[in-house]
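In case you want the letters, here they are:
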Amino acid sequence: INAEYMGDAAAYETPPPPEYGGSQPLPLDTSQPLLPPEPPPSPSAVKSAPFSPYETPARPPPVRDCETDQGVFCGAIGIAAALLFSALGAGYGVTKSGLGVVSIGILAPDLLMRGLVPVVMSELLAIYGFVTALSMITTLNPTTYSSHEGYIDLAAGLAVGLSCLASGLCIGIVGDASNRSYAIQTRQHTLVSKAKGPRTPSSPQLPAKDEPTTPSKSRDGSSSSRMFTVMVLMLIFAEGLGLYGMILGLTLHNTANKHTC
């Protein structure tokens, strides 16, 4: 402390000069122009700058534990299973029932369109799997897809695919056997009608004692119609297996989107 100000009370009322740390502003040097502020450093310069222990590094955004590649893998397997197994069932149903359609084309060509019923119903199975797989593809986003959704989509794809596969097996076997039986029965009725000739009211032809009585002698008789009706009913019940699987698969897929980890 300077002894000059120790005993003088006025020294405490007057602030000291700037060289002693006073509060008076320093004179502004107008000889040099004012410089603009420095721009902020670029991101590349910040990344290349050495790490300082006094700086807190930026933390990555929090990621849920269930958002892993395992969920995407399970979802992809479910999509492939839905389309693959349904296509296998549809292919077997079309191939197997197509053999019966060929039999109808040989034995009863005029009833060929009726034999295409199992072929059309088999093709619907592939549509079931395609619709389910397409609905699951729209939600397969690696950034937001969770393992919970992947497991449920895997179950949905297997449910649809295996149901359509079982339905295709049933439609193929039943359609082939029904088409063959329908064609053979219609052919037999046609041959019997031609052998006996047309009947007239004045001279009716009665069947012989040893000849078996047939329910219908016409090509479109009641017996053939009953065979076609039974075939359609069996095909409808077999088609229901694939339809049930598609409904269950779509319900599971919609449930997976509502729940999160």
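Because the structure is a prediction, the values reported are computed rather than measured.

Let's talk about the environment of Ile236
Summarising the element assignment, Ile236 is placed in helix H6 (residues 222-258). Assessed through its relative accessible area of 44%, Ile236 is described here as partly exposed. Between the C-alpha atom of Ile236 and that of Met121, which follows or precedes it by 115 residues, the distance is 8.3 Å.

Quick look at the nonpolar core
Membership of the largest hydrophobic core comes to 18 residues, with the highest contact counts inside it found for Leu125 and Ile171. Elements with a contribution of two residues or more to this core: helix H3 (69-107), helix H4 (117-137), helix H5 (147-196) and H6. The contacts of Leu125, once residues within four sequence positions are left out, are Ser86, Gly89, Ala90, Cys164, Ser167, Gly168, Ile171, Glu239 and Gly242. In this structure, Ile79, Ala133, Met136 and Ala156 belong to the second largest nonpolar core, which totals five residues.

Observations concerning the confidence of the model for the protein chain
On average, residues of the protein chain carry a pLDDT of 75, and 61% of them reach 70 or more. For the protein chain, per-element mean pLDDT is lowest for helix H1 (residues 10-13), which scores 51, and highest for H4, which scores 93. Throughout residues 208-220 the model reports pLDDT below 50, and contacts reaching past four residues in sequence, or to other chains, amount to 21 contacts.

A closer look at the pattern of salt bridges
A full pass over the atoms with the stated rule returns two salt bridges. Between Asp176 and Lys96 there is a salt bridge, and its shortest N-O distance comes to 3.8 Å. Highlighted residues: Asp176 in helix H5 and Lys96 in helix H3, separated in sequence by 80 residues. You can call Lys96 partly exposed: its relative accessible area is 27%. Ionic pairing is found between Arg180 and Asp176, a salt bridge with its closest N-O pair at 2.9 Å. With a gap of four residues between them, Arg180 and Asp176 both fall in helix H5, about one helical turn apart. Residue classification places Arg180 among the partly exposed positions, given a relative accessible area of 35%. Put simply, Lys96, Asp176 and Arg180 are held in one network by salt bridges that share partners.

Cut-offs applied
Residues numbered from 1 in each chain as written. Predicted model: local features only at pLDDT ≥ 70, side-chain atom pairs only at ≥ 80, totals over all residues. Heavy atoms only, no water. Helix = DSSP H or I, 4+ residues; strand = E, 2+ residues; numbered from the N terminus. Buried < 20%, exposed > 50% of the residue type's maximum accessible area, 1.4 Å probe, protein only. Core = buried A, V, L, I, M, F, W, Y, C linked by side-chain atoms within 4.5 Å. Contact = heavy atoms within 4.5 Å. pLDDT = per-residue confidence, 0-100. Salt bridge = Lys/Arg side-chain N within 4 Å of Asp/Glu carboxyl O.

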